[in-house]
Structure formats: structure tokens, C-alpha cells
Amino acid sequence: MAKVISSSAPGKVILHGEHAVVFGKNAVAVSVDLKTTVEIKSDPNSAFVMLNLIDFKCETKWPLTDFVEFGIEHPSCSLEFSDDISLKFEKMLKNASRKEAIDSICAFLFLYFGLSDKYCKSKRIPLNVYVSSLLPVGAGLGSSAAFSVSLTGALVKIFDLEESLDFISQTAYQVERIFHGRPSGIDNSICTYGGAILFKNGTIQEHVKRSNLIPIILVYTNVPRNTKKLVKLTSDRKQKYADVVNNIMNAIDSISLMAWKYIKGENVSYEIETLVEMNQHLLNSIGAGHSSIDRVVNIAKNYEFQAKLTGAGGGGTVIIHLPRGNPSQAFVRFD
Ligand SMILES: Nc1ncnc2c1ncn2[C@@H]1O[C@H](COP(=O)(O)OP(=O)(O)OP(=O)(O)O)[C@@H](O)[C@H]1O
Ligand SMILES: C[C@@](O)(CCO)CC(=O)[O-]
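The notes below deal with the structure included here. Being a predicted model, the structure only gives us computed values, none of them experimental.

**Structural notes on the packing of aromatic side chains**
Move 1: Inspection of every chain in the model, using the stated rule, returns 12 aromatic pairs.
Move 2: Between Phe89 and Phe113, the ring centres sit 6.0 Å apart and the planes meet at 25°, which makes this aromatic pair stacked. With Phe89 in the loop between helix H2 (85-88) and helix H3 (90-93) and Phe113 in helix H4 (residues 102-119), the pair connects residues that are 24 residues apart, well separated along the chain.
Move 3: Through a chain of ring-to-ring contacts, the aromatic side chains of Trp62, Phe67, Phe70, Phe89, Phe108, Tyr112, Phe113 and Phe159 assemble into a single cluster.
Move 4: Between Lys61 and the ring centre of Phe48, over which it is positioned, the NZ or CZ distance is 4.5 Å.

Below you can see the structure in the form of C-alpha cells.
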């Protein structure tokens, strides 16, 4: 019988701790109300697997027989990322009509074969998979993590597996490695569990479902960037100026812990806006800045608001913190 399922995951904003979290420091992230949705229609009478990445205008279709043949050449696919992943799927990726979508198609194949081989006796089922998102891609709002989490969730459902959030987050982490190399794990965690998290050393330290409201404006600089390259840039700086950068990372760690107290609703004696201002300077000093970010930060300052980059930086999105109370009053100040 034909079956239709769907699964969605939110994007995220890192409030404090980006880059430092890659080196084992604390970071704070919240989910945002912009989602990626995956819908799967499975018709047992079909003889194809189809993946439609709607935002990329990229539809890829394979005869089911290709999936069966692939399984004969590559038995027992794993759900652990490996560096040769795109080589392994090279033949199947030839069907892709758009180069920019290769990683996403590779992610789909990795999940399909991994789940099928590990948990479903290598069953190959015909599927029509549709992915669409309200998140801008490459803007620092976790589009790759929302994609990885929602696709994992949808395939877990269609293969009739147990839908545990821990399993979805851990599997999505392996998918994230296709996009980012060695991510900290904060993005797949917040996009799976939602709410607000304090994250360190690959694990959620604390999770709150409803946090102290932090009114922010998200401003996209219109400068797309690549997370993997930016993490490499800050890591190179850390290697060359180890003492200096370690101290900066420790300072960011302290900011994250102070911001977390505020988010949990504790009474704090410091201003959250000052933490934002300090963190933006620290992020600039490790190479995550960009002139487009500075421009937004300076415009915000003209209106007496503090702003900082979020995510990897190098363009992407800037968050402007609004004062507590009535955020709509703050908007009036931006005429
Ligand atoms: N809606 C989508 N459909 C298909 N692929 C997507 C979608 N959203 C994201 N992706 C994949 O994720 C990649 C973007 O990942 P990248 O890490 O550069 O940006 P981001 O996740 O938006 O930013 P950050 O990781 O800093 O939050 C895209 O190039 C694409 O391969
Ligand atoms: C820049 C970074 O800290 C955040 C990307 O959203 C990278 C990571 O945590 O993997």
C-alpha cells in the first residue's frame, strides 16, 4: 500500500561560542522557527527512487535496479562517515543534474544504504523524496543540520525504525560530516532537540525547552560562505598563535556560561548586550569576521543596539540583540 510520511527540523542560531565549541569550549544555541521539511511517498508498485531537492531545483531519479546492483558491489554500507564517501557513490552521483547539490544527494544515498543495510536486511524500497526549506542556505542558520536531521527522521520513519531522538541526532551528525568534515555536533543537536542548549565536548550539558526570551533580529548580509573553510581558517590561526587563540577561546567560553545563566532565567548582574559586543570583537580577532558583518554591527550601534555574527561568520547572518521588554518598541527606532 502507498505510504506518505513527513518529518521536519528547525534551523538554529548560535548565541555564543561558535568556533570555540569546535575546541571543546561551551556554546549556547537556540532553535529558530524556520524549518526544513522532508516528505516521502512510497509506492510499492514504482520501480524508481526519486530525490527532489526543491530549493536546488534538482531532481534525481534512479531505477530501483541501480540500488540493487550498488548493494551487490558494496555490501553492508555503514552509518559512519568515511573520507571516501563521494568516491563510493561516484557512479550513482552521475545522475545528478546540479553540481551544487552533490553533497546533499550523497547524504541521501549514505542514509538510504546505511539504514537499509544496518537495520532492514538490505531491503531496497522505491521512494519519492521531496525536500524543501524556509532556511537560507549557507547563512549560518543551520540549513545543513536541519536538512540532515529532517532527512534522517523521514528515512527512519519510512524504514519503520524506532524514532529515538538520540539516534536521529547521532546519525545526522555523521551526515553533517559530509558537509563540514569534523563539526562540533552543536548544530545537529539543537536542530534535533529544539529549545535552547548549552553544549560542550560533543554533548548537551543542559537543555531548556522554553528559555528566557531573547528578542533578536536576524540580518542576512547577502554574503554566502562555507562553514568548512571558515573553521579551517580559525584552526590555522589557533595552530600558529596557540597561546593567544587559546586565551580568546577561554574568554568566549566564559561569555557562553554567563549568557546561559541569563537564558535559564537566573538573576544576573551583567548586561547581555555587553557580552554580545565583547564576543563580536573576539570572533573578529580569530578571523571569523567580514566587512559585511562589521557594516551591520555598526548600523545597529548607531541605534544603540549590540550585534554579532552567528555560526561560522565570514558573511552569513548577524544577530542584533534588542532590549528586553517590548521588542516592537525597538523596531520603531529603526525607521
Ligand atoms: N534545503 C536543502 N536542500 C538540499 N540541501 C540542503 C538544503 N539546505 C542545506 N543543504 C545542504 O547544506 C549545505 C549548506 O551547508 P553550510 O554548512 O555551508 O551552511 P549552513 O548549514 O546554512 O550554515 P551553518 O552550518 O554555519 O549554520 C548546502 O550546500 C546543501 O548541500
Ligand atoms: C563554526 C561552528 O562552531 C558553528 C557552525 O554552525 C562549527 C561547529 O561548531 O561545528
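**Brief notes about the pairing of strand E4 (residues 58-63)**
Move 1: Residues Cys58, Thr60 and Trp62 of E4 are buried on one face, while the alternating residues Glu59, Lys61 and Pro63, pointing to the opposite face, are not.
Move 2: By the bridge criterion, six bridges tie strand E3 (residues 48-53) to E4 in an arrangement that is antiparallel. Following the sheet pairing, Leu53 is matched in E4 by Cys58.
Move 3: In this structure, the hairpin formed by E3 and E4 is closed by a connection of four residues, where Lys57 is found at a positive phi of approximately 45°.

**Description of the sheet that holds strand E8 (residues 216-220)**
Move 1: Here we have three strands laid out as an open sheet, ordered E8-E10-E9, and antiparallel in their pairing. The open sheet has two edge strands with one neighbour each: E8 and strand E9 (306-310). Direction aside, the axes of adjacent strands within the sheet are offset by 25° on average.
Move 2: Direction of pairing for E9 relative to strand E10 (residues 317-321): antiparallel, over a ladder of five bridges. Residue pairing for E10: Lys308 is matched across the bridge by Ile319.
Move 3: Across the sheet, helix H11 (residues 291-302) touches E8, E9 and E10, and the angle it forms with E10 is around 15°.

Rules of the game
Residues numbered from 1 in each chain as written. Chains lettered and ligands numbered in written order. Predicted model: local features only at pLDDT ≥ 70, side-chain atom pairs only at ≥ 80, totals over all residues. Heavy atoms only, no water. Phe/Tyr/Trp six-rings, centres within 6.5 Å; stacked < 30°, edge-to-face > 60°. Helix = DSSP H or I, 4+ residues; strand = E, 2+ residues; numbered from the N terminus. Lys NZ or Arg CZ within 6 Å of the ring centre and 35° of its normal. Buried < 20%, exposed > 50% of the residue type's maximum accessible area, 1.4 Å probe, protein only. Pairing = 2+ DSSP bridges. Axes fitted to C-alpha atoms, helices over the stretch in contact; angles between N-to-C directions. Contact = heavy atoms within 4.5 Å.

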